[in-house]
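Each chain, letter by letter, is given below.
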Amino acid sequence: MKGVNEVGDMAAALGDLMRYSLSANNFVTVGEELGHLNNYIEIQNLRYGDRMTIEFKIEEKAKEFYIPKLLVQPILENAIVHGVEDKLEPGLIRIEIFTVSEELSIVVEDDGVGMSQEAIESLMNMGDITKKIGHTSIGVCNVNRRIQVVFGHECGLQIQSQLGAGTKITMHLKVLKEVPDVQLSYN
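**A few points about the environment of Val140**
So, point 1. As for its position among the elements, Val140 is in helix 5 (residues 138–151).
So, point 2. Val140 sits in the buried class, given a relative accessible area of 2%.
So, point 3. A C-alpha to C-alpha distance of 9.6 Å links Val140 and Glu77, two positions 63 residues apart in sequence.
So, point 4. Every residue in contact with Val140, bar those within four places of it in the chain, is listed here: Ile75, Asn78, Leu123, Met124, Leu157 and Ile159.

And the structure:
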């Protein structure tokens, strides 16, 4: 059993997650999304303990740009559930956010179990959705779809993976200095 302080911290983080998820804002700054991720990570750390480490490398100016809300969390969740959860030893997940010219890149990389090229294609095409203890990888496809609705088809996800060596998902976005007039669906 967890101690009272840990349960209180988890309840507070869960409440913050719910408020963030239910807010009417379709777009948030990268900094706000990082705050949401920290709440999510706090809950996952209570669940997994020292079985995983998450490192951040964030370009300071990137925190001011706008992205669709709940863009990074599904990719991080996928890295945890399908990447490092099945490892025998502790896993490492790196999140890097940076800009190059007018492109914003968000990278989530794990040293987990990896996947085949066939699995990557299936994931991106929503072919055979992998089910695992109540989880599906539908979030990855939805993230790609939402990126392309906002930024166009030249933007989206790039997935690199090697069985036994981990997975790297890069989100290619355009820099948004203000909130666009786009309605997004989170279905």
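Right, picking up where we left off after that structure.
**Focus: the side chain of Asp110**
So, point 1. Tracing the backbone through its elements, the reader meets Asp110 in strand 5 (residues 103–110).
So, point 2. In this structure, Asp110 is buried with no salt-bridge partner, the nearest side chain bearing the opposite charge being Lys87 at 7.5 Å.
So, point 3. A polar contact of 2.8 Å, which involves the side chain of Asp110, links it to the backbone nitrogen of Gly112.
So, point 4. Excluding its chain neighbours within four sequence positions, the residues that come into contact with Asp110 are Ala79, Gly83, Val84, Leu92, Ile93, Ala165, Gly166 and Thr167.

**Quick notes on the pairing of strand 4 (residues 91–100)**
So, point 1. Strand direction decides the pairing type here: strand 2 (residues 52–58) and strand 4, joined by 7 bridges, are parallel. Bridged to Lys57 within strand 4 is Glu96.
So, point 2. Strand direction decides the pairing type here: strand 4 and strand 5, joined by 8 bridges, are antiparallel. Paired with Ile95 across the bridge in strand 5 is Val108.

**Regarding the sheet that holds strand 4**
So, point 1. Here we have 5 strands laid out as an open sheet, ordered 2-4-5-7-6, and mixed in their pairing. Each edge of the open sheet is held by one strand with a lone partner, namely strand 2 and strand 6 (156–162). Shown here is a sheet whose adjacent strand axes are inclined to one another by a mean of 10°, direction ignored.
So, point 2. Contacts from helix 5 reach strand 6 and strand 7 (166–174), with the element oriented near 145° to strand 6.

**Things to note about the environment of Gly83**
So, point 1. Relative to the helices and strands, Gly83 is located in helix 3 (residues 73–84).
So, point 2. Distance in space between the C-alpha atoms of Gly83 and Val113 is 5.3 Å, their sequence separation being 30 residues.
So, point 3. With residues up to four places along the chain from it excluded, the contact list for Gly83 reads Asn78, Asp110, Gly112 and Val113.

What counts, and at which threshold
Residues numbered from 1 in each chain as written. Predicted model: local features only at pLDDT ≥ 70, side-chain atom pairs only at ≥ 80, totals over all residues. Heavy atoms only, no water. Helix = DSSP H or I, 4+ residues; strand = E, 2+ residues; numbered from the N terminus. Buried < 20%, exposed > 50% of the residue type's maximum accessible area, 1.4 Å probe, protein only. Contact = heavy atoms within 4.5 Å. Lys, Arg positive; Asp, Glu negative; His and termini not counted. Salt bridge = Lys/Arg side-chain N within 4 Å of Asp/Glu carboxyl O. Polar contact = N/O pair within 3.5 Å; in protein donor to acceptor, adjacent residues only side chain to side chain. Pairing = 2+ DSSP bridges. Axes fitted to C-alpha atoms, helices over the stretch in contact; angles between N-to-C directions.

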